[in-house]
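Chain by chain, the residues:
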Amino acid sequence: MRIHLIYGYYLPSVGGIQIDINNLAREFTNKGHEVTIHTSTLLPGKARAENQGQERAGTVKRYRAVGLPGFRRLIVDPGIIPGIATAKGDVFHVLSFVPNLHTIASLFIGSLKKTPLLYTPVFRPGRDQTYSGMLGFLLKNIWDKRLGLWLRNRADVVIAQTRFEEEAYRTEGLNNVVQIGVGIDSSLEAITEADIQRFTNKFGGGSKVLLVVGRIEPRKGHKFLLEAWGRVIERHPEAKLLIAGDDLKRHPEIEDSLSEFVRHSVISLGVLSQKDLRVAYASVAATVIPSVYEVTSRVVLEAWAEACPVIVTEGVGLSEDVKEDIGWVVPYGNSQSLSSAISDVFSFLPAARNKGALSQKYVREHFSWEKIANQTLELYGKAIEKTT
């Protein structure tokens, strides 16, 4: 099968859906399929260097792009138009809901071809709760409800990553929706006790340590977490909160609002390498995802892969998978519920470790990339049958 995967900012070293594309391409190639990834040249120098060797399979075609000042993700790469128009293949699969030329042109031109077009928008239902002002108005009223919806209707199949996302599409009146999740990479080298000891010596770790991963921004819920954390350390004054992916000092509007006692219990790790992040999951008592919403939340899967239990809000796409025996689900904004869940982790550590072991078994059974790739290939086959 000749498969075309289309995403405007393919940089596996950065993460996100780019990791999904990388792993899908690897699985497809291992099964004997021909994979071409269409993307742009919009690569920062540092990220370009970090990306060397990260692309694991497939042919990557990069179209020259111009990043607009202040709007780098609004990729303008005119070469994508003839690139998709002249490409020969059995299936075209666009991944992205960012309203840029790369996405819009790929979907429109792809829908004009006689080849099946599949679309994984990675849409974020409820994101209008985060974006306000003119940006929020344009996203909600021009893209989400009009142009984006029109393009989704032009696809032969729309792939939702969670049931939460699938329900949002069906509410819009879409009937061409299939749910297929994302996976974890089981081929990575196992984390050792020496790795954990090294991390603990460098950053901190131990029985009463909580981890949160991600950029500090309103949607990610760090302020909500820190409100709950103040209650936690009243009961567990020795506890530590590790922030990976950002530095609290870069956000004085949040840091300055904390008491000195709370501030001293929070350690910013900055951006970690993939290996160090995996070691972090393996070193702490639990990981928390306090977001307003997440389409899927790769952090949940990454934590589970290292036998780390999670605490999530109801807005996290995988919250339905976080059953009582493998984690905790709390309402967003209810700091009392969140602090109680965190305190449960610290007060009943053997039970938390048991949840971690069960979650590792669960993620291996349900979220392997081989399983996800097989489901996707089966969907491709059915789409091809319908168009021939």
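Before any of the text, the structure's been laid out above.
Residues numbered from 1 in each chain as written. Predicted model: local features only at pLDDT ≥ 70, side-chain atom pairs only at ≥ 80, totals over all residues. Heavy atoms only, no water.

Draft legend 1. The arrangement of the packing of helix α1 (residues 17–30) against helix α15 (residues 369–387) in detail. Axis separation between α1 and α15 bottoms out at 9 Å; the angle between their running directions is 75°. With respect to α15, the axis of α1 lies roughly perpendicular. The segment α1 lies against α15, with D20, N23, L24, R26, E27 and F28 engaging W369, E370, I372, A373, T376, L377 and Y380. (Axes fitted to C-alpha atoms, helices over the stretch in contact; angles between N-to-C directions. Helix = DSSP H or I, 4+ residues; strand = E, 2+ residues; numbered from the N terminus. Parallel < 35°, antiparallel > 145°, perpendicular 65-115°, else oblique. Contact = heavy atoms within 4.5 Å.)

Draft legend 2. Quick peek at helix α14 (residues 349–366). Here α14 spans 26 Å end to end across 18 residues, near enough to the 26 Å set by a 1.5 Å rise per residue. Turning to α14, its buried residues are L349, A352, K355, G356, S359, Q360, Y362 and V363. Taken down its axis, α14 places every buried residue within 165° of arc, on the same side. The outward face of α14, more than 90 degrees from its buried face, is lined by the exposed residues P350, R353, K361 and R364. Looking at the buried positions of α14, the neighbouring elements they touch are α12 (298–305), β15 (327–330) and α13 (335–347). (Expected span 1.5 Å × (residues − 1). Buried < 20%, exposed > 50% of the residue type's maximum accessible area, 1.4 Å probe, protein only. Arc of directions from axis to C-beta.)

Draft legend 3. Representation of empty space enclosed by the protein within the structure. One pass over the structure, following the stated rule, counts 3 cavities of 30 Å³ or more. Counted as a void, the largest cavity has a volume near 110 Å³. Forming the boundary of the largest cavity are 13 residues, of which L24, L95, T120, Q161 and G181 lie nearest the centre. Of all the secondary-structure elements, those providing two or more residues to the lining of the largest cavity are α1, β6 (91–95) and α15. Residue contributions to the lining of the largest cavity peak at 3 residues, all from α15. (1 Å grid on protein atoms, 1.4 Å probe; cavity = no way out; pocket = protein on both sides within 12 Å on 5 of 7 lines; lining within 4 Å. Points joined across faces, edges and corners; volume = space filled by probe spheres on them.)

Draft legend 4. Quick look at unusual backbone geometry. You will see that S297, though not glycine, has its phi angle at about 90°, which is positive. Classification of S297 as buried rests on a relative accessible area of 8%.

Draft legend 5. Region of interest: the nonpolar core. Ranked by internal contacts, the top residues of the largest apolar core, which has 64 residues, are L5, F28, L211 and W304. Of all the elements, α15 adds the most residues to this core, at 7 residues. The residues touching W304, leaving out its near neighbours within four places in the chain, are V310, D321, V322, I326, S359, Q360, Y362, V363 and F367. Counting residues in each nonpolar core, the second largest holds 31 residues, with L210, W229, A239 and I311 among its members. (Core = buried A, V, L, I, M, F, W, Y, C linked by side-chain atoms within 4.5 Å.)

Draft legend 6. Representation of the packing of helix α8 (residues 222–235) against α13. It is the contact of α8 with α13, at a shortest axis distance of 8 Å, that shows an interaxial angle of 45°. The angle between α8 and α13 falls in the class oblique. Handedness of the α8/α13 crossing: right-handed. Between α8, through F224, L225, E227, A228, W229, R231, V232 and R235, and α13, the contact on the second element is made entirely by S335, Q336, L338, S339, I342, S343, F346 and S347. (Left-handed = near helix turned anticlockwise from the far one by under 90°.)

Draft legend 7. Geometry of helix α4 (residues 101–112). Counted at 1.5 Å a residue, the expected span for α4 with its 12 residues is 16 Å, and the 16 Å between its end C-alpha atoms agrees. Within α4 the residues assigned to the buried category are H102, T103, A105, S106, L107, I109, G110 and S111. Capping the start of α4, N100 holds a side-chain oxygen 3.2 Å from the backbone nitrogen of H102, two or three residues further along. (Polar contact = N/O pair within 3.5 Å; in protein donor to acceptor, adjacent residues only side chain to side chain.)

Draft legend 8. Region of the structure containing the sheet that holds strand β10 (residues 209–213). Judged by pairing direction, the sheet is parallel, and its 6 strands sit side by side in the order β12-β11-β10-β13-β14-β15 without closing on themselves. This sheet does not close on itself; its edge strands, each paired only once, are β12 (266–270) and β15. Across the sheet, the mean angle separating the axes of adjacent strands is 20° when strand polarity is ignored. Here 4 bridges tie strand β14 (residues 310–313) to β15, and the two strands are oriented parallel to one another. Counterpart to V312 in the pairing with β15 is V329. Those strands touched by α13 are β10, β13 (286–289), β14 and β15, and its axis lies near 165° from that of β15. (Pairing = 2+ DSSP bridges.)

Draft legend 9. Structural detail: the sheet that holds strand β8 (residues 157–160). Pairing is parallel across the open sheet formed by 7 strands, whose spatial order is β3-β2-β1-β6-β7-β8-β9. Every interior strand has two partners, whereas the edge strands, β3 (59–63) and β9 (177–179), have only one. This sheet shows a mean twist of 25° between the axes of neighbouring strands, independent of strand direction. Relative to β6, strand β1 (residues 2–6) runs parallel, the two being bridged by 4 bridges.

Draft legend 10. Focus on the side chain of T103. With respect to the secondary-structure elements, T103 resides in helix α4. A polar contact of 3.2 Å, which involves the side chain of T103, links it to the side chain of S96. For T103, the residues in contact, after removing those within four places along its chain, are S96, V98 and Y119.

Draft legend 11. Focus on the pattern of salt bridges. In total, this model carries 18 salt bridges according to the counting rule given. Notably, a salt bridge pairs R250 with D246, separated by 2.5 Å at the nearest N-O pair. When its relative accessible area of 59% is taken as the criterion, R250 is described as exposed. Relative accessible area serves as the criterion here: at 7%, D246 is assigned to the buried category. K382 is the salt-bridge partner of E378, the closest N and O atoms lying 3.6 Å from each other. Of this pair, E378 and K382 both sit in helix α15, 4 residues apart, roughly one helical turn. Since its relative accessible area comes to 47%, E378 is described here as partly exposed. (Salt bridge = Lys/Arg side-chain N within 4 Å of Asp/Glu carboxyl O.)

Draft legend 12. Spotlight on a nonpolar patch on the surface. The grouping of F108, L112, L147 and W150 at the surface amounts to a nonpolar patch, some 370 Å² of accessible area in total. Of all elements in the fold, only α4 and α5 (133–154) reach the threshold of two or more residues within the nonpolar patch. Residue placement: L112 occurs in helix α4. Accessibility expressed as a relative area gives 54% for L112, which makes it exposed. (Patch = residues over 30% accessible without salt bridge, like charges linked within 9 Å, V, L, I, M, F, W, Y side chains within 5 Å. Areas by Shrake-Rupley, 256 points an atom, 1.4 Å probe, with all protein chains shown as cover.)

Honestly, that's just the spatial picture; any functional story needs more than this.
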